[in-house]
Amino acid sequence: MFNALVVEKDDEGKTHAAVAQLEDGQLPDGDVTVAVEFSTVNYKDGLCIGPGGGLVRNYPHVPGIDFAGTVEASDDARYKPGDKVVLTGWRVGEAHWGGYSQKARVKSDWLVPLPDGLTSRQAMAVGTAGFTAMLAVMALEDHGLKPANGPVLVTGAAGGVGSVATAILANLGYEVTAVTGRPETADYLKSLGASQIVAREELNEPIKRPLESENWAGCVDAVGGAMLARVLGQMKYGASVAAVGLAGGAGLPATVVPFLLRGVNLLGIDSVMQPYENRLRAWQRIAKDLPMDKLEAMVQPATLSDLPKLGADILQGKVKGRVVVDVN
Ligand code: NDP
């Protein structure tokens, strides 16, 4: 028997999440069984712990879109018992049972060996949010971003994606401007390496004109919506925005003018279906480019029984930095 956070749906369609005991035989199909050590809380987890957001198909469900732990049994030659692994994406925790459990059974293709220099706890302090932040930074670099180009904007900065993006960019020598709706997080953001803080209200007004002054050499955007539309009009000539999230809305009330007159690039970032080689590259870059003392400063610890509240909090934008869930 082992513990997991199990979400049930009642006859009226309401979901209820609670810690319950499961047996090995209840685990879904897969060729690798992992003794999970740590998981975390991402925005999507908030949806899957709560109302489902159209992501969860079958109940009872075990959420947790990412985890790190030790291989317990494997039918795949690439993994053997005792190997340390990390998993993000592939709709684990949504369509497939996930990491809010002391055991998970998954497809070996979905796993990545834990990179040298990272513990399973650190890997989940990074989690899907931090992994995606790294993908965004890599995409900006692939499109020519260099520290000398000028300041880089990070939106939703006090959240998970934003916190990790801020710490990585600052460590790489970029001047980082952090956008936040929580002024009380200014000291925290500066401790991660932000040199300037911009209030959310300054950027989430609908655009009045398609082009404004050219302020930003790059942007990691976790917010979308009206803020992304504004930011596009403030990018320097030829600069790129990595679109990661939709915390402020899925719409994009923008014009194409920044693309046509300033050669601005909008780069889509998906973490779920990333090819294996790019996953490896991103995890290795995280181990190299994310200062572990800054990562530790983002962490709040949690257990399985804290998850129903944390799930609701992240949907309301109330979680600061990264939650690390010790499932044991
Ligand atoms: P968090 O909730 O930790 O961070 C989101 C941040 O956005 C908040 O902390 C807040 O930052 C800001 N925010 C929240 N609501 C609003 C609003 N209405 N208007 C403007 N800003 C707002 O979530 P994550 O960092 O984990 O994820 C961020 C986004 O990225 C989510 O939309 C998530 O779904 C997406 N995502 C996408 C992935 C991909 O593969 N593309 C992978 C992982 C995440 P502050 O308080 O500083 O203003």
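Conventions and cut-offs
Counting of residues starts from 1 at the beginning of each chain's written sequence and follows it residue by residue. In keeping with the model being predicted, local features are shown solely for residues with a pLDDT of at least 70 and side-chain atom pairs are shown and tallied solely at 80 or more, while totals for entire chains, interfaces and linings include all residues. Buried residues are those with 20 or more other C-beta atoms within 10 Å of their own C-beta, exposed residues have 12 or fewer, and partly exposed residues lie in between; C-beta atoms are placed from the backbone. What counts as a helix is a DSSP run of H or I of at least four residues, what counts as a strand is a run of E of at least two, and both are numbered from the N terminus. Each residue gets a C-beta atom placed from its backbone, and two residues are in contact if those atoms lie within 7 Å. The axes used here are C-alpha line fits, helices contributing only the stretch in contact, and every angle between their N-to-C directions lies in the interval 0 to 180 degrees. Angle categories: roughly parallel below 35 degrees, roughly antiparallel above 145, roughly perpendicular from 65 to 115, and oblique for all the rest. Helix crossings fall into two classes, left-handed where the near helix is turned counterclockwise from the far one by less than a right angle and right-handed where it is turned clockwise. Just so you know the grouping, Ala, Val, Leu, Ile, Met, Phe, Trp, Tyr, Cys and Pro go in nonpolar, Asp, Glu, Lys and Arg go in charged, and all remaining residues, Gly too, go in polar. Pairing between strands is defined by DSSP: at least two bridges between them are needed. Here, a nonpolar core means buried Ala, Val, Leu, Ile, Met, Phe, Trp, Tyr and Cys residues linked by C-beta atoms lying within 7 Å of one another.

Participant: Run through helix H5 (residues 225-232), naming residues and quoting values.
Facilitator: Of all eight residues in H5, seven are buried, a share of seventy percent or more. Taken together, the buried positions of H5 are occupied by Gly-225, Met-227, Leu-228, Ala-229, Arg-230, Val-231 and Leu-232. At its buried positions, H5 is contacted by strand S8 (152-154), strand S11 (216-221), strand S12 (235-243), helix H6 (257-262) and strand S13 (265-268).

Participant: How would you summarise unusual backbone geometry if you had to cite specific residues and measurements?
Facilitator: Here Tyr-59 and Pro-60 are connected by a cis peptide whose omega angle stands at -5°. Take Pro-60: it is sitting in the loop between helix H1 (43-49) and strand S4 (66-74). With phi around 60°, Trp-90 is a residue other than glycine that occupies positive phi space. As for its position among the elements, Trp-90 is in the loop between strand S5 (84-88) and strand S6 (103-106). Classification of Trp-90 as partly exposed rests on a count of 19 C-beta atoms within 10 Å. A positive phi angle, near 65°, is found at Arg-91, a position not held by glycine. For Arg-91, the position within the fold is in the loop between S5 and S6.

Participant: Help me get a handle on the packing of helix H2 (residues 120-142) against helix H3 (residues 160-171), residues and values and all.
Facilitator: The packing of two helices is summarised by the inter-axis angle and the distance between the axes. Interhelical geometry of H2 versus H3 gives an angle of 50° and a closest axis separation of 8 Å. In this view, H2 runs oblique relative to H3, as classed from their interaxial angle. Pair H2 / H3 crosses with right-handed handedness. Facing H2, whose interface residues are Val-126, Gly-127, Ala-129, Gly-130, Thr-132, Ala-133, Met-134, Ala-136 and Val-137, H3 presents Gly-160, Val-161, Val-164, Ala-165, Ile-168 and Leu-169. Class assignment for the residues of the contact of H2 with H3 results in 11 nonpolar, four polar and no charged.

Participant: Which residues make up the pairing of S5, and what values do they have?
Facilitator: Summarising burial for S5: four of the five residues are buried, a large majority. Sheet topology places S5 next to strand S7 (residues 111-113); three bridges connect them, and they run antiparallel. The partner of Leu-87 across the bridge, within S7, is Leu-111.

Participant: An account of the nonpolar core is needed here, citing residue identities and associated values.
Facilitator: Generally speaking, a soluble globular protein has its nonpolar side chains buried in company with each other. Of all hydrophobic cores here, the largest spans 103 residues; its most connected members are Ala-133, Ala-136, Val-154, Ala-165, Val-220, Val-231 and Ala-242. For this core, the leading source of residues is H2, giving 13 residues. Dropping the residues within four chain positions of it, Ala-242 is found in contact with Ala-136, Ala-139, Leu-140, Cys-219, Val-220, Asp-221, Leu-267 and Ile-269.

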